[in-house]
Amino acid sequence: MNVLNFINDFFSDSANWHGTTGIPHRLLEHVEYSLLALLISAVIGLPIGLFAGHAGRGGYALAAFSTAARALPSFGLLVLMTVWLGEIGTTPAMIPLVALAVAPILVTSYEAIRSVDPAPVDAARGMGMSSAAVLFQVEIPAALPLILSGLRSAAIQVVSTATIAAYIGLGGLGRYIIDGLAQHTYGKVVGGATLVAGLAIVTIGVFYLVERLAVSPGVRRGR
Amino acid sequence: MIQIDSVTKRYPDGTVAVDELSLEIPDGSITVLVGPSGCGKTTTLRMINRMVELTGGRILLDGADIHAQPVNALRRSMGYVIQNAGLFQHRTIVDNIATVPRMLGWDRDRARKRARDLMDRVGLDASLAKRYPYQLSGGQQQRVGVARALAADPPVLLMDEPFSAVDPIVRKVLQAELLRIQAELGKTIVFVTHDIDEAIKLGDMVAVLRTGGKLAQYAPPDELLSAPADAFVEDFLGTDRGIRRLSFFTSAGLELTTAPIIAVDSSAAQVAERTKASGAPYLLLTDTDGKPLGWTGPAAAAKGGAALSVAELLPHGRPFVFGKESLRDALDCAVLSPTGWAVAVDDGGRVVGVTSQTTIAEAIRGAHAERGAAGSPSASAKAAAAEAAAVDPAIAESKAAESKAV
Ligand SMILES: Nc1ncnc2c1ncn2[C@@H]1O[C@H](COP(=O)(O)OP(=O)(O)OP(=O)(O)O)[C@@H](O)[C@H]1O
Ligand SMILES: [Mg+2]
């Protein structure tokens, strides 16, 4: 039996399309975890990255923090958090995901603001724009493609890593992979993995659309 | 009036960029800060809108210390134009220009209407309004930069090498446009450049700074050229300042003759009579409208005006606009003319007379003698020069080309 057969069997089994263990439900759970983790990471990472970039300070600290955060093994962190917090729930699952996602968001948003052409920023200050207005009306619109690319890579990492939530008894697409491994039903494993990959591609598509809508044509240019 | 009163700027690293500088910048005129690279021009300019905070002395705007009001309010009362325009890439041209009015709380429609008025004022075609900055040429972007600085009608305009990043032809056009706009608006302009020719062309007053941020000379350009304060200023002015100073002398008093001028439809007899009367070795042939066609020798002319083919004529070179362009332009025409005679035309390009190098040289001597007694040049000479630049066909052409370019 080859992989395509696994995939075919998995997706054509109508039992896989219904109820709380069905694909729609698992997919929804996975999207929920991912969105929540991304939201928390953005709420932490964006303001710090953007303001640090605007002030031109804290670059080394951010880089060091991000390297450290990237070095943390997500799975190890998950187990540690579960033991430490003594509970099974979304909180221990969120912590490793956020730790993973916050690093690219922080670093890219910082770098994005730092790499904005200094001339318009100088002109904006010279015409009497407040510091916040300079950030929100000049720097962020110009830096938006890079900021979005940071969010996008964070989102893709979260989507693929959110499978580990299944280890601590949560739902999501990780269920298929982990249960499939335990039960030696490889169709499930491959089917789950395919869904995760598909979701990652959809994520890329969503970010493409967001960029089309949010980034000014004057900044997007020939890109 | 902006009073710079023994102002010093010492940067945190100990560099003294400006040292005890005192300048009085009069209202409604262009004051140019010029000097070699690193002499503190930008620093001085940026201390006026507090983009750089001074470390000694004070700056007064209409008698009040610029530190007396909130910094952003001060900056909103001063237009600021920088070298590469510094346009906001994410905003359309019209919205770039509307920035300051919007900051001042104007509603969008009023701000955009104002922006469109300004596009017209700085010579930008209305069709560019919805474009983004990257879709404009460098010269057009710089015009947008000027329009944006003028949008809220600030009394003061600070310009830091605004034209140094564009090619020489476009620069010439932009300089002429600035003079034209200034003639209409009468702003108090502080203009930074490292180009002494630009300083002389644009400045009502020119402050020459030397390295270390010290004032070397502060004078009207004519005085600068005729009486440089020291060797540094003289050196900075360059070699041909005698010639350059001639651009401050009007050609209005120049003696012209119409004797060697013949129309293309004159008869052979008329030509012969003219040749004899003028005693000049050449005759200037004009078309029936009075526009110059070229010079011709008497032998050829004897055949009669109508018999002459234009191809046989010597070129008449660029004529000068009599009374509007300067003695420098007249001399230039004479020097470049194959016959040594300069052709004077009116606004419509019709010949009003011709003049020889000898006559121009006499006029120069006369002007020097008179200027020595009269002192500094009149403002009207500058305005006339600006107008002359505006009617210069070469400039008009390159301007048209530029506004078409994308
Ligand atoms: N932020 C700064 N910190 C330290 N020194 C500075 C700073 N800005 C400028 N300087 C120094 O101050 C001096 C004057 O600089 P400024 O930019 O005013 O010169 P400039 O006349 O505008 O030169 P240019 O024609 O090259 O633009 C220079 O020696 C420069 O190196
Ligand atoms: Mg400078």
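For every chain, the first residue of the written sequence is number 1, and numbering continues from 1 along that sequence. For naming, the first written chain is A and the first written ligand is 1, with later ones following in the order written. Where local features are concerned, this predicted model is filtered to residues with pLDDT of at least 70; where side-chain atom pairs are given and counted, the filter is 80 or more; whole-chain, interface and lining totals use all residues. In computing side-chain properties, one takes all heavy atoms of the structure into account and sets aside hydrogens as well as water.

### Describing the confidence of the model for chain B
All names here are of chain B. Across the chain, each position has a pLDDT score giving the predictor's confidence in that residue, from 0 to 100. In the predicted model, chain B carries a mean pLDDT of 87, and the fraction of residues at 70 or more is 88%. Only heavy atoms matter for contacts: two residues are in contact if any of them lie within 4.5 Å across the pair. This stretch, residues 373-381, has a pLDDT under 50; its non-local contacts, to residues over four places away or in other chains, come to four contacts. Considering only residues more than four positions removed or in separate chains, one finds that residues 387-406, a stretch of pLDDT under 50, has 27 contacts. Under the prediction, the complex receives an ipTM of 0.87, its pTM being 0.82.

### Looking at the interface of chain B and chain A
By convention, interface size is frequently given as the accessible area that disappears when the constituent parts associate. Contacts between chain B and chain A engage 22 residues on the former and 19 residues on the latter. When chain B packs against chain A, the two sides together hide about 1,800 Å² of surface, and 61% of this comes from carbon and sulfur. The salt bridge criterion pairs a side-chain nitrogen of Lys or Arg with a carboxyl oxygen of Asp or Glu, the two atoms within 4 Å. At the boundary of chain B with chain A, the tally comes to one salt bridge. Between Arg 46 of chain B and Asp 122 of chain A there is a salt bridge, and its shortest N-O distance comes to 2.8 Å. The definition of a polar contact used here is a pair of N or O atoms within 3.5 Å, where within protein one atom must be able to donate a hydrogen and the other to accept one, and adjacent residues in sequence count solely through side-chain atom pairs. Here chain B and chain A share seven residue pairs in polar contact (both at pLDDT 80 or more) between them. Only DSSP runs of H or I reaching four residues or more are called helices, and only runs of E reaching two or more are called strands; each is numbered from the N terminus. Contributing elements (two or more residues each) for the side of chain B that touches chain A: helix H2 (71-76), strand E6 (78-81) and helix H4 (99-103) of chain B. Throughout this entry, Asp, Glu, Lys and Arg are counted as charged residues, while Ala, Val, Leu, Ile, Met, Phe, Trp, Tyr, Cys and Pro are counted as nonpolar. The remaining residues, Gly among them, count as polar. Residues belonging to the side of chain B that touches chain A are distributed by class as follows: eleven nonpolar, six polar and five charged. Buried area, as used here, totals the accessible surface that two parts lose on assembly, with accessibility defined by a 1.4 Å probe and the loss added over both.

### Some details on helix H7 (residues 168-185) of chain B
Residues and elements named next belong to chain B. Under the 1.5 Å per step criterion, the end-to-end length of H7 is 25 Å for 18 residues, consistent within 8% with the ideal 26 Å. Burial classes: relative accessible area under 20% of the type maximum marks a residue as buried, over 50% as exposed, and values in between as partly exposed (1.4 Å probe, protein chains only). Restricting attention to buried positions, one finds in H7 the residues Val 170, Val 173, Leu 174, Gln 175, Ala 176, Glu 177, Leu 178, Leu 179, Ile 181 and Gln 182. Here H7 starts with a cap whose side-chain oxygen sits 3.0 Å from the backbone nitrogen of Ile 169, and that cap is Asp 167. Of the residues one or two after H7, Gly 186 is the one with positive phi, at around 60°. To estimate how far a helix should extend, the number of its residues minus one is multiplied by 1.5 Å.

### Things to note about the pattern of salt bridges
Residue and element names in this part refer to chain B. Enumeration according to the criterion identifies 23 salt bridges over all chains in this entry. Notably, a salt bridge pairs Asp 197 with Arg 244, separated by 3.1 Å at the nearest N-O pair. Pair noted here: Asp 197 is in helix H8 (residues 196-202) and Arg 244 is in helix H11 (residues 241-245), with a separation of 47 residues, a long-range link. Among the residues examined, Asp 197 registers a relative accessible area of 41% and is labelled partly exposed. Taking the shortest distance from any N to any O, the salt bridge between Asp 347 and Lys 324 comes out at 3.0 Å. One end of the pair, Asp 347, is in the loop between strand E15 (341-345) and strand E16 (351-356); the other, Lys 324, is in the loop between strand E14 (320-321) and helix H14 (327-336), and 23 residues separate them in sequence. When its relative accessible area of 56% is taken as the criterion, Asp 347 is described as exposed. Take Lys 324: its relative accessible area is 24%, and that puts it in the partly exposed class. Here the salt bridges share partners, and the residues they tie into one network are Arg 121, Arg 143, Glu 177, Arg 180 and Glu 184.

### Digging into the sheet that holds strand E9 (residues 205-210) of chain B
For sheets, the rule is that strands pair by backbone hydrogen bonds, running either parallel or antiparallel. Residue and element names in this part refer to chain B. Taken in spatial order, the six strands make up an open sheet running E6-E7-E8-E3-E9-E10, and their pairing is mixed. Among the strands making up the open sheet, the edge pair consists of E6 and strand E10 (214-219). Across the sheet, the mean angle separating the axes of adjacent strands is 15° when strand polarity is ignored. Any two strands with at least two DSSP-identified bridges between them are counted as paired. Bridging between E9 and E10 involves five bridges; their strand directions are antiparallel. By the bridge assignment for E10, Val 208 is matched with Gln 217. For helices, the fitted line uses only the C-alpha atoms of the stretch in contact; every axis is such a line through C-alpha atoms, and the angle between N-to-C directions lies from 0 to 180 degrees.

### Describing the environment of Ala 263 of chain B
All names here are of chain B. Tracing the backbone through its elements, the reader meets Ala 263 in strand E11 (residues 261-263). According to the relative accessible area criterion, Ala 263 is partly exposed, its value standing at 26%. A C-alpha to C-alpha distance of 9.1 Å links Ala 263 and Lys 291, two positions 28 residues apart in sequence.

### Overview of the UniProt feature "domain: ABC transporter" (unreviewed entry) in chain B
Under the local residue numbering, the UniProt record ascribes the feature "domain: ABC transporter" (unreviewed entry) to residues 2-237 of chain B. Regarding residues 2-237 of chain B, the helix share stands at 38% and the strand share at 25%, and the terminal C-alpha atoms are separated by 26 Å. UniProt positions are given in the numbering used here, feature names are shortened, and annotations may be inferred rather than shown by experiment.

### Describing the side chain of Thr 31 of chain B
With respect to the helices and strands, Thr 31 of chain B occurs in strand E3 (residues 30-34). Among residues more than four places away in sequence, those in contact with Thr 31 of chain B are Ile 25, Pro 26, Ile 189, Val 190, Phe 191, Met 205 and Tyr 218 of chain B.

### Observations concerning the site of ligand 1
All names here are of chain B. Within the structure, ligand 1 sits among Tyr 11, Asp 13, Thr 15, Ala 17, Ser 37, Gly 38, Cys 39, Gly 40, Lys 41, Thr 42, Thr 43 and Glu 161. Contact between ligand 1 and Cys 39: an oxygen atom at 3.2 Å from a main-chain N or O atom of the residue. One of the side-chain N or O atoms of Lys 41 is found 2.8 Å from an oxygen atom in ligand 1. Surface burial for ligand 1 is 62%, taken as the share of its 640 Å² of free accessible area covered by protein chains. Top element by residues in the shell around ligand 1 is helix H1 (residues 41-48). It accounts for three residues. Only a single heavy atom is needed: when it lies within 4 Å of a molecule or strand, its residue is near that molecule or strand. Residue-level accessible areas treat just the shown protein chains as cover; the underlying method is Shrake-Rupley with a 1.4 Å probe.

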